[in-house]
Each structure stands twice: as C-alpha cells, then as structure tokens.
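Descriptive analysis of the structure
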Amino acid sequence: MKPSFQTKLPHIGTSIFTEMSMMAHQYKAINLSQGFPEFDTPELLKSAINQAIAEGKNQYCPSSGLPELLEQIGEMIKIRYQKDVSIENKVDSLNNITVTSGATEALWVAIQTIVRQDDEVIVFDPAYDSYEPAVELAGGRCRHISMNTPDYAIDWSLVRQTINNKTRAIIINSPHNPTGTLLSRSDLITLQKLVLEHNLYVISDEVYEHITFDGLRHESVLSYPELFKRAFVVSSFGKTFHCTGWKLGYCVAPTDLTVEFRKIHQYVTFCSFTPAQYAIASMLKNQPNHIGELAEFYQQKRDVLVKALEKSRFKVLPCQGTYFLLLDYSNVSELNDREFCHWLTQEIGVAAIPLSPFYQADKLANYHENNKVVRLCFAKYDKTLQKAAEILCQL
Ligand code: PMP
Ligand code: GLN
C-alpha cells in the first residue's frame, strides 16, 4: 500500500517544448520548435570552461555566485542600463545579483520569495510556461490577461481593472517569447505607476535582453530605479552565449529582496555549476563585444527567414526581438494550432510551436476560433532556415 496521492499540478502535462522537440526527432523534421541555437557557443567560452575544469575549479563556489562573475554582470548592467541612474541607485554586484541555474531557477525562486497562499499574480498571455506552475506551488493563482492581437500590446486599463487586494505581483517578459514584441518606455512608466499605487512586486523576465532589432532598445526594469526597488530582474546566459544547456542565469533585485531570494536559492541548489561561472566571467571580461554584436547577428537571421517566406501563403507577423518569428497560417490550414504543428512536423518535415499552450486553458475555445498562429525559432544556420522556408513555401 502506498500513501494516497493527489497531483499538485492537475493542469500541467509535458511541456510543449519537449513534445515538439521529441516529435521533430522522431520524424526527422527540421526543428524550428524549441528555442535553442543550432550553432555552437563561442570558442573562448569553450576553452575557458575547459581551462577552469583543468585548473581544478570544480568545487562549490559561493551560493550567491562567483564574485568575479557578479562583478562582470554588475559592470555590464551599469554600462547598458544604468548610465543615467544616480550612484545610490546603481546595482551593487555583491548584494543585488545572484547567479542561478538558468533563468528558470531565478523565476522559480523569485516567485517562491514573494507569493503567499491565495495571492494573485498577473501574467500576460501568451505567457512563458514556467510562471504558472511556480505560482501555484507557492499557493497562489495566476490572473491571465490576454495581450491584444494582432500587435500583442498590453491593455493597461485591463490590468488596472484586474488588480485587487489579493494581487501580489505582475510578471512581465520583454523581449517577449513567443511573440517577439518589446515593451516600450511608456509601458514601463505605466507599470511603474500601477505597482507604486497598488504596492505590488514585479518579476521581469529579460532573458532576450540583448536581442532587439531595427534600432529598437530593450527597456530594462534596471533603468527605472523606483520600479527596481520592488522588482526581480531575471536573465539567462543561455540566450546570450549560445549555451542553453549550461543552464546559467541570474536574478538582480534590491538588497532586502535579494536576502530573501538567497535564502530559498541556497536550498534549491546551493550554487550553480562553478566551471561555467568562471567561463562566463572570462567571456564577459575578454570578449565584451559579443553582446553588442548579438542583435545584428539575429536580425540578419530574422531577415533571411522573413525574405525566404515572402512568397509563401503564411502571413509573417512583425518581430522586434528574441529569436522567434510568428506565422499566421490561416491561408494554409483549417486545423487548430497544435494539430497544425503535429501535421507540419510529421507530414511536411518542419517542427514549430503552437501558441495555444501559452494561453489559459479555459480561454482556448474562443482563442482557436480567432487565432491560427505558430512560432518558429530562427537561431539556426541560414541554410537550415532557407531549407525550412523552401518547404513552407510549397504549402
Ligand atoms: N524565460 C523565457 C521567456 C524563456 O524563453 C526561457 C528559455 N528559453 C527562460 C525563461 C528560461 O531560461 P533558462 O534556459 O536560462 O532557464
Ligand atoms: N525557452 C525555450 C523556448 O521557448 C525552451 C526552454 C525549454 O525547453 N524549457 O523554446
């Protein structure tokens, strides 16, 4: 006899990324579904991690992160986001930054740090899939607000209407996965006004912070001192340095929130993989231009894919950042988006991600009626993108 068992996450199954990548593998389809680069991580990073391992840097590092890495992240933040921020409001590397095992851990810990039983957290659909389970396991509940279509803008008046005395936090994500849109300065100013007025926290998922296009700037919460006082800003080296499998990220938060964040982080993992921290610190120090060149690198890839799809029957939606492109397939198929992605993978040989899993389940009937949109990942070699587009142009 076993003790009786009830799932803590009744609505959660296998993630759509696992589902589609497995299917791509099984049917040998070109995998533009799960977001990861096809190309390798920079040589300097590979030799730096090998060197760290060879030099015996293989034991635990401080729980909050390797000091050299914290310092490099702090420098990067000051240069990119805090030029106009007064000295007393600038990020203090040792007390405000914690290195985590990917952005996933940072998001998880930030949510456990602030969400209490019966608290509500506002998320914007389509929402990245890891937010809701973390909120639910903390005893809270997500309030989903759909972004407007077709531009995926946030309707702040709806946010205002949704806030009540149970609202604890708002989770934002810019550059946005899966839509490739950016929040503007005016969005952040409105957000700041709301959270100050209603005394809320903000969790800002900025993992694609360096991938913005057409001269547009990423608006980081780190540039808004009043907002930052109540925020957790999360990023990931996986996106920036083409090493998603290293699972290294970080969380930036004010000192009081960082103290609480670290209490939980130390018992989730204690510290993250030490050799990778040495390697990333060395990369940030010795090849700082990698970050500056990332936007142009991915913009070129976006343009290759968009151009190659020009003659297709898909409608390409605007993409301002991230390495994802949305396609409206309403001229191609009547299937719903999941069925369409299954068919595309199995029969046509290109794997994509449906958007509906990023929406609240009970809004889906209405969703399917009005939306036929899938996501392609363009972090691939040009020849892979061209081959996939060639196939898609035949539909
Ligand atoms: N947030 C978003 C929006 C993401 O797209 C991802 C991963 N692709 C993550 C968080 C998680 O990042 P990591 O792999 O560093 O855990
Ligand atoms: N974030 C990646 C994506 O959006 C996948 C991460 C994962 O597989 N959990 O595709």
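All of these numbers come straight from a predicted model, not from anything done at the bench.

Structural notes on the packing of aromatic side chains
Applying the stated criterion across every chain yields a total of 21 aromatic pairs. Ring centres 6.2 Å apart and planes at 45° place the aromatic pair Phe39 and Tyr298 in the tilted group. Residue Phe39 is found in the loop between strand S1 (30-31) and helix H2 (43-54), and its partner Tyr298 is found in helix H13 (residues 289-308); the two are separated by 259 residues along the sequence. Overall, the relative accessible area of 0% leaves Tyr298 in the buried class. Each member of the aromatic cluster is reached from another via a ring pair, and the members are Phe39, Tyr208, Phe297, Tyr298, Tyr323, Phe324 and Tyr381. Above the face of the Tyr278 ring, Lys57 is positioned so that its terminal group lies 4.7 Å from the ring centre. A cation over an aromatic ring shows up here: Arg375 above the ring of Phe324, its NZ or CZ 3.6 Å from the ring centre.

Brief notes about the site of ligand 1
Close to ligand 1 lie 13 residues, the nearest being Thr104, Asp205, Tyr208, Lys239 and Lys247. Between ligand 1 and Ala103, the relevant distance is 2.8 Å, taken from an oxygen atom to a main-chain nitrogen or oxygen of the residue. Between ligand 1 and Tyr208, the relevant distance is 2.6 Å, taken from an oxygen atom to a side-chain nitrogen or oxygen of the residue. Expressed as a share of its isolated accessible area of 400 Å², the protein-covered part of ligand 1 is 93%. With four residues, the single largest contributor to the shell around ligand 1 is helix H5 (residues 102-114).

Description of a nonpolar patch on the surface
A surface patch of nonpolar side chains, amounting to about 230 Å² of accessible area, comprises Trp108, Leu137 and Val268. Mapping Leu137 onto the fold places it in helix H6 (residues 131-137).

Thoughts on unusual backbone geometry
Between Asp125 and Pro126 the backbone carries a cis peptide bond, its omega angle lying at 5°. Note on placement: Pro126 falls in the loop between strand S3 (120-125) and H6. Omega for the bond connecting Thr149 with Pro150 falls within 30 degrees of zero, at 5°, which places this linkage in the cis form. Residues other than glycine seldom take positive phi values, yet Lys28 does so here, at roughly 55°. Within the element layout of this structure, Lys28 appears in the loop between helix H1 (16-26) and S1. Backbone geometry at Tyr152 places phi at a positive 55°, although glycine is not the residue there. Relative to the helices and strands, Tyr152 is located in the loop between strand S4 (141-146) and helix H7 (156-162).

Brief notes about H2
Counted at 1.5 Å a residue, the expected span for H2 with its twelve residues is 16 Å, and the 16 Å between its end C-alpha atoms agrees. Among the residues making up H2, those that are buried are Leu45, Ala48, Ile49 and Ala52. One face of H2 carries all of its buried residues, which in axial projection span an arc of 95°. Facing away from the buried side of H2 by over 90 degrees, the exposed positions are Glu43, Asn50 and Ala54. At its buried positions, H2 is contacted by helix H12 (274-286).

Points about the nonpolar core
Among the nonpolar cores identified, the biggest contains 66 residues, and Phe232, Tyr298, Tyr323, Phe378 and Leu392 are the most heavily contacted of them. With residues up to four places along the chain from it excluded, the contact list for Phe232 reads Ala110, Thr113, Ile114, Val202, Ile203, Ser204, Cys251, Val252, Ala253, Leu257 and Phe261.

Topic: the pairing of strand S6 (residues 201-205)
Among the five residues that make up S6, four are buried, leaving the element largely enclosed by the rest of the structure. Where strand S5 (residues 167-173) meets S6, five bridges bridge the pair, whose relative direction is parallel. Within S6, the position partnered with Ile170 by the bridge is Val202.

Overview of the sheet that holds strand S2 (residues 97-100)
Strand pairs in the sheet, formed through backbone hydrogen bonds, run parallel or antiparallel to each other. Overall, mixed pairing links the seven strands, which are arranged S2-S8-S7-S6-S5-S3-S4 in an open sheet. Strands at the two margins of the open sheet, each flanked by one partner only, are S2 and S4. Averaged over neighbouring strand pairs, the angle between their axes works out to 20° when direction is ignored. On the sheet, helix H8 (residues 185-198) packs against S5 and S6 and is oriented at approximately 170° with respect to S5. Seen against the sheet, helix H11 (residues 255-268) touches S2, S6, strand S7 (231-236) and strand S8 (249-252) and runs at an angle of roughly 20° to S2.

Overview of the site of ligand 2
Neighbouring ligand 2 are Phe17, Gln34, Gly35, Tyr128, Asn177, Lys239, Phe324 and Arg375. Contact distances for ligand 2 include 2.6 Å between an oxygen atom and a side-chain N or O atom of Gln34. Interatomic distance of 2.6 Å between a backbone N/O atom of Gly35 and an oxygen atom of ligand 2. Within the complex, 78% of the 300 Å² of free accessible area of ligand 2 lies under protein. Here the shell around ligand 2 is composed, by residue class, of three nonpolar, three polar and two charged.

Digging into the packing of H1 against helix H14 (residues 337-348)
Interaxial distance between H1 and H14 falls to 9 Å at its minimum, and their mutual angle equals 25°. As summarised for this structure, H1 and H14 are arranged roughly parallel, according to the angle between their axes. Regarding H1 and H14, the two cross each other, and that crossing is right-handed. Packed against H1, whose contacting residues are Ile16, Glu19, Met20, Met23 and Ala24, the element H14 presents Arg338, Cys341, His342, Thr345 and Gln346 at the interface. Residues belonging to the contact of H1 with H14 are distributed by class as follows: five nonpolar, three polar and two charged.

Parameters at a glance
Residues numbered from 1 in each chain as written. Chains lettered and ligands numbered in written order. Predicted model: local features only at pLDDT ≥ 70, side-chain atom pairs only at ≥ 80, totals over all residues. Heavy atoms only, no water. Phe/Tyr/Trp six-rings, centres within 6.5 Å; stacked < 30°, edge-to-face > 60°. Helix = DSSP H or I, 4+ residues; strand = E, 2+ residues; numbered from the N terminus. Buried < 20%, exposed > 50% of the residue type's maximum accessible area, 1.4 Å probe, protein only. Lys NZ or Arg CZ within 6 Å of the ring centre and 35° of its normal. Near = heavy atom within 4 Å. Polar contact = N/O pair within 3.5 Å; in protein donor to acceptor, adjacent residues only side chain to side chain. Areas by Shrake-Rupley, 256 points an atom, 1.4 Å probe, with all protein chains shown as cover. Patch = residues over 30% accessible without salt bridge, like charges linked within 9 Å, V, L, I, M, F, W, Y side chains within 5 Å. Salt bridge = Lys/Arg side-chain N within 4 Å of Asp/Glu carboxyl O. Expected span 1.5 Å × (residues − 1). Arc of directions from axis to C-beta. Contact = heavy atoms within 4.5 Å. Core = buried A, V, L, I, M, F, W, Y, C linked by side-chain atoms within 4.5 Å. Pairing = 2+ DSSP bridges. Axes fitted to C-alpha atoms, helices over the stretch in contact; angles between N-to-C directions. Nonpolar A, V, L, I, M, F, W, Y, C, P; charged D, E, K, R; others polar. Parallel < 35°, antiparallel > 145°, perpendicular 65-115°, else oblique. Left-handed = near helix turned anticlockwise from the far one by under 90°.

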